[in-house]
Amino acid sequence: MSVIYMRNSANGNQHRGFSMSSDDDMIDITTTGTVTERSIHYDDPGTSHLPGVTYCMGDGEGESLCYQRTSILQHVAADGDEIPGIGQYEDFHTIDWQRDIARDRMRHRYIVKRRQNSLFDLVKGAHDAWSGWVCVLLVGLTTGVVAGVIDIGASWMSDLKYGICPSRFWFNREQCCWSSNETTSFETGNCSDWLTWSEVLGQSRTGAGAYIISYLMYIAWALLFASLAASLVRMFAPYACGSGIPEIKTILSGFIIRGYLGKWTLIIKSVGIMLSVSAGLSLGKEGPMVHIACCIGNILSYLFPKYGRNEAKKREILSAAAAAGVSVAFGAPIGGVLFSLEEVSYYFPLKTLWRSFFCALVAAFVLHSINPFGNEHSVLFFVEYNNPWIFFELVPFVGLGIIGGVIAAIFIRANLYWCKYRKTSKLGQYPVTEVLIVTAVTAVLAYPNPYTRMSTSELIYLLFRKCGVTNTDDLCDYNRNFTDVKSAVDLASAGPKVYRAMWLLVLALIFKLLATVFTFGIKVPCGLFIPSLCLGAIVGRIVGIGMEQLAFNYPHIWVFSGECSTMKDCITPGLYAMVGAAAVLGGVTRMTVSLVVVMFELTGGVRYIVPLMAAAMASKWVGDALGSHGVYDAHINLNGYPFLDSKEEFAHTSLAADVMQPKRNETLSVLTQDSMTVEDVETLMKETEHNGFPVVVSRESQYLVGFVLRRDLNLALAQARRAVEGLRPSSLVLFTSNSPQQPPQPGTPAPLLLKNILDMAPITITDQTPMETVVDMFRKLGLRQTLVTHNGRLLGVITKKDVLRYVKQLDNEDPNSVLFN
């Protein structure tokens, strides 16, 4: 298409000549990534600035001056940009949710409109419609397979610290004993086919010599696994350390951290978490499974450009992946969806809820099919109770919630103090050394106590378990006389081994609490779910045994006179362990609804929802009273991530004018719509570090025209230098479709049209808008910035960083601690 403008020097009349192709429609980009379609009309004043427009103007002496104005953006398809990178984001920047969602809606309308043109367009439209479901299906399948491999690998390597199965070295201890049709106990854990390291080295299974050899091999294997995990993280994927949930929350809120969800992070995190758990450190693999699942979601989203090239749409896949991560961690698909909704996701529309449910379901099904634990359940400590709970037991359940909140508050404060010390001291410069020291101390102190020597998951299962006929652990040493193995278990007095086990559990509680404080945050993959559950389960089991003995010794007290008067097993200590586990985990993470669902999916105890709810609520109230943040939010603040928590209220009375940049009577860096040259624009970008610039009518009349991103402006100028002939530093940069008021002189370079990268509908507020409203807009609309005006004139800009800094300043914190470009 070409349009020729001719000007007659005699009378000044204009004539238009048209040479048009058969296709009268064209695509014009009016805002960044937002595509509109319009027809060209003869009287359209905007056609003078369309690509390919040629101008011929008389010079007053009978000669004409002709030049062609070229837009740096050519006609582009609705599903992509001609210039690579337009509409994308730099590292450590936040995304513009509204712009990305608008881009996707326009792309969708374009595909729907063309669906009737051909069979190919129809198939393309169908593929676009089902691509979201296909993507979450692949994420669920891959997450289930990876989780199964991690569970099997961690179980096998954990047992390597104790011995080996010579006949089938790839079997863990339990599988090795299955092959010999022998059962194992938590005390010995051995059978004839399983050889301890003392037996491998020619010693006996028991005795002082065997104990010393086993002790040294336990420490040696732990140091080997930990050193491998720390070295892999340091060399290949520094982002693979920690649990990853604070960063996942920040990324899902719209922050860009390049490489955090990459393939190397996925590989090293998967291998590293197996090594870390096998080293016997006080950590779990369940939290990192969320990070691993989100890595899988991020990688697979690039198979579908609809999600891979749109950061806002990609976060819908990441939300579903987070649900799948919790689903495979606990075998709790519904709890995983609620965890994603309650704890990590920032933008969660209804279709994301359904896709998250589907993704979590597929992941749980795949893990169940792999059967990593060799039983009918997808988690190690699945138990099932049948006894009803007594109404009076709500009192100790709430008491466990209070204790859990206190333990959680102590842990969070101590861990934050140690993490701050690590960041500001020389200790942070030697991450591998710190890992080895923590591992050595943990192994040396853990081995003598049988309850800290075993893996944390085994300890939780032991504490959750109900004592029966076949149990031989010290916790089940009751003075019972079983005459019929099928009869109900009666109340009985606790034997001496029970009290010995309780003292060992108290020591285990103190050790686990201190060890977790120093472990969470070291440079290896480490989760917090399992250590928190373990701390609560220990407290709960001790309280449960106390209640059980109280009911045995005083069965005629009115609170026990009904259910316990017949001396049947009316008190279940394992139930108290489960409630205590939920209490501590709820206090640490501040989870409520998702926590209760995860716990009853873990145990199959639907009838115990009320005790779990009571403990979770009490724990959250106590935790909030003793500290304002859960551990993940606390680490977000510690690391300075730009996260606006939707659960917090902005209680300060201030106006937008108090927060905007620049302050009143200061100069605002702006672009004008038609009076700046290429050199002026480049100079402005060199002298400032802003991520975007408002475009105004003129410096004298600063009425807002639009907003342009710095990155898009850089890309457009770089493309123009390659594609546009005759571009000079003195070329005008136009952000408007109107012709210049003055005709160009001979030798004048062609203007550069950049309206196509201009956002002509930026979010604006007035200087008198309350900051409560502004903060709500940033949270609910996912804004990157908003422009402040007064009577239509531009006054300043408020970015997400400005809001976060202002909030920290009002809270008497360092406003420069926000990690944000």
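Residues numbered from 1 in each chain as written. Predicted model: local features only at pLDDT ≥ 70, side-chain atom pairs only at ≥ 80, totals over all residues. Heavy atoms only, no water.

- By the naming in an unreviewed UniProt entry, the protein goes by Chloride channel protein and is assigned to Frankliniella occidentalis.
- In its Sequence similarities (unreviewed entry) section, UniProt records this for the protein: "Belongs to the chloride channel (TC 2.A.49) family." (UniProt positions renumbered as here; feature names shortened; annotations may be inferred.)

1. Structural notes on the overall build of the protein
Then, in step 1: Counting secondary structure elements, the protein contains 27 helices and 17 strands.
Then, in step 2: With 821 residues in all, the protein has 55% of them scored as buried. (Helix = DSSP H or I, 4+ residues; strand = E, 2+ residues; numbered from the N terminus. Buried < 20%, exposed > 50% of the residue type's maximum accessible area, 1.4 Å probe, protein only.)

2. Some details on the packing of helix 17 (residues 496-519) against helix 18 (residues 529-553)
Then, in step 1: Where helix 17 meets helix 18, the axes come as close as 10 Å, and the angle between the chain directions of the two elements is 155 degrees. The pairing of helix 17 with helix 18 is recorded here as roughly antiparallel in orientation. The handedness of the crossing between helix 17 and helix 18 is left-handed. On helix 18, the residues that touch Val498, Tyr499, Met502, Leu505, Val506, Ala508, Leu509, Lys512, Leu513 and Thr516 of helix 17 are Pro531, Cys534, Leu535, Ile538, Val539, Ile542, Ile545 and Gln549. (Axes fitted to C-alpha atoms, helices over the stretch in contact; angles between N-to-C directions. Parallel < 35°, antiparallel > 145°, perpendicular 65-115°, else oblique. Left-handed = near helix turned anticlockwise from the far one by under 90°. Contact = heavy atoms within 4.5 Å.)

3. Remarks on the pattern of salt bridges
Then, in step 1: Applying the stated criterion across every chain yields a total of 23 salt bridges.
Then, in step 2: One salt bridge connects Glu286 with Lys285, and the closest N-O pair in it is separated by 3.9 Å. The residues Glu286 and Lys285 share a single accessibility class, namely buried.
Then, in step 3: Asp474 is paired through a salt bridge with Arg500; the nearest N and O atoms lie 2.7 Å apart. Residue Asp474 is located in the loop between helix 16 (456-464) and helix 17, and its partner Arg500 is located in helix 17; the two are separated by 26 residues in the primary sequence.
Then, in step 4: Take Arg500: its relative accessible area is 47%, and that puts it in the partly exposed class. (Salt bridge = Lys/Arg side-chain N within 4 Å of Asp/Glu carboxyl O.)

4. Description of the packing of aromatic side chains
Then, in step 1: For the structure on display, the rule yields 20 aromatic pairs.
Then, in step 2: With 5.4 Å between their ring centres and 35 degrees between their planes, Trp221 and Phe225 make a pair best called tilted. Of this pair, Trp221 and Phe225 both sit in helix 5 (residues 208-236), separated by 4 residues, roughly a single helical turn.
Then, in step 3: By way of ring pairs, the aromatic residues Tyr162, Tyr211, Tyr215, Tyr218 and Tyr447 are connected into one cluster.
Then, in step 4: Cation over ring: Arg173 sits above Tyr162, and NZ or CZ is 4.8 Å from the ring centre.
Then, in step 5: The lysine or arginine in question, Arg453, covers the ring of Tyr447, its NZ or CZ lying 4.2 Å from the ring centre. (Phe/Tyr/Trp six-rings, centres within 6.5 Å; stacked < 30°, edge-to-face > 60°. Lys NZ or Arg CZ within 6 Å of the ring centre and 35° of its normal.)

5. Comments concerning helix 1 (residues 97-114)
Then, in step 1: Between its terminal C-alpha atoms helix 1 stretches 26 Å, which fits the 26 Å expected from 18 residues at 1.5 Å a residue.
Then, in step 2: In this structure Asp96 caps helix 1, since a side-chain oxygen of it lies 3.3 Å from the backbone nitrogen of Gln98. (Expected span 1.5 Å × (residues − 1). Polar contact = N/O pair within 3.5 Å; in protein donor to acceptor, adjacent residues only side chain to side chain.)

6. A closer look at the sheet that holds strand 12 (residues 704-709)
Then, in step 1: In spatial order, the strands read 9-11-12; together these 3 strands make up an open sheet with mixed pairing. Of all strands in the sheet, those with a lone pairing partner are strand 9 (671-672) and strand 12, marking the two edges.
Then, in step 2: Sheet topology note: the strand 9/strand 11 (residues 692-696) ladder contains 2 bridges and is parallel. By the bridge assignment, Thr672 is partnered in strand 11 with Val696.
Then, in step 3: Against the sheet, helix 25 (residues 710-723) touches strand 9, strand 11 and strand 12, its axis set at about 75 degrees to strand 12. (Pairing = 2+ DSSP bridges.)

7. Overview of the pairing of strand 17 (residues 793-799)
Then, in step 1: Here 6 bridges tie strand 16 (residues 785-790) to strand 17, and the two strands are oriented antiparallel to one another. Residue pairing for strand 17: Val788 is matched across the bridge by Gly796.
Then, in step 2: Adjacent in sequence and paired antiparallel, strand 16 and strand 17 are bridged by 2 residues, among which Asn791 carries a positive phi angle near 55 degrees.

8. Some remarks on the environment of Lys263
Then, in step 1: Assignment of secondary structure puts Lys263 in helix 7 (residues 263-278).
Then, in step 2: C-alpha of Lys263 to C-alpha of Ile299: the two residues are 36 residues apart in sequence and 7.0 Å apart in space.

9. Some details on the side chain of Thr439
Then, in step 1: The topology assignment puts Thr439 in helix 14 (residues 431-446).
Then, in step 2: Of the residues examined, Thr439 reaches a relative accessible area of 0% and is grouped as buried.
Then, in step 3: Engagement of the side chain of Thr439 in a polar contact is seen with the backbone oxygen of Val435, the distance being 2.7 Å.
Then, in step 4: Not counting residues up to four positions away in its chain, the partners in contact with Thr439 are Ala222, Leu223, Ala226, Ala279 and Leu281.

10. Side note on the sheet that holds strand 17
Then, in step 1: Pairing is mixed in the open sheet, where 3 strands are placed in the order 15-16-17. Of all the strands in the sheet, the pair left with one neighbour each is strand 15 (764-766) and strand 17. The mean angle between the axes of side-by-side strands here comes to 35 degrees, regardless of whether they run parallel or antiparallel.

11. What about unusual backbone geometry?
Then, in step 1: In this model, Gln661 is joined to Pro662 through a cis peptide bond whose omega is -5 degrees.
Then, in step 2: In this structure, Asn791 is a non-glycine residue whose phi angle is positive, near 55 degrees.
Then, in step 3: Within the fold, Asn791 resides in the loop between strand 16 and strand 17.

12. Some remarks on the pairing of strand 12
Then, in step 1: Burial analysis of strand 12 places 5 of its 6 residues in the buried class, which makes it a mostly covered element.
Then, in step 2: As judged from the 5 bridges shared by strand 11 and strand 12, these two strands associate in the antiparallel manner. Bridge pairing in strand 12 links Phe693 to Val708.

13. What about helix 19 (residues 573-589)?
Then, in step 1: Look at helix 19: 24 Å from first C-alpha to last across 17 residues, which is about the 24 Å you get at 1.5 Å a residue.
Then, in step 2: Counting buried positions along helix 19 gives 17 out of 17 residues, so the element sits mostly inside the fold.
Then, in step 3: Arg590 lies just past helix 19 and shows a positive phi near 65 degrees.

14. Some details on the confidence of the model for the protein
Then, in step 1: A residue-level look at the protein finds 82% of positions with pLDDT of 70 or above and a mean pLDDT of 81.
Then, in step 2: Contacts from residues 1-81, a stretch scored under 50 in pLDDT, to residues over four places away or in other chains number 178 contacts. (pLDDT = per-residue confidence, 0-100.)

15. Description of the state of the cysteines
Then, in step 1: Across all of its chains, the model carries 1 disulfide by this definition.
Then, in step 2: Paired by a disulfide, Cys165 and Cys176 hold their sulfur atoms 2.2 Å apart. Where Cys165 bonds to Cys176 through sulfur, the torsion about that S-S bond is close to 75 degrees, and the disulfide is right-handed. Remark: Cys176 occurs in helix 3 (residues 173-179) and Cys165 occurs in the loop between strand 7 (163-164) and helix 3; sequence separation between them is 11 residues.
Then, in step 3: Overall, Cys165 belongs to the buried group, its relative accessible area being 1%.
Then, in step 4: Its relative accessible area of 0% is what places Cys176 among the buried residues.
Then, in step 5: No disulfide involves Cys294; its sulfur sits 7.4 Å from that of Cys295, the nearest cysteine.
Then, in step 6: Cysteine Cys359 remains unbridged, with the sulfur of Cys135 as its closest cysteine sulfur at 8.4 Å.
Then, in step 7: A relative accessible area of 0% means that Cys359 is categorised as buried. (Disulfide = S-S within 2.5 Å.)

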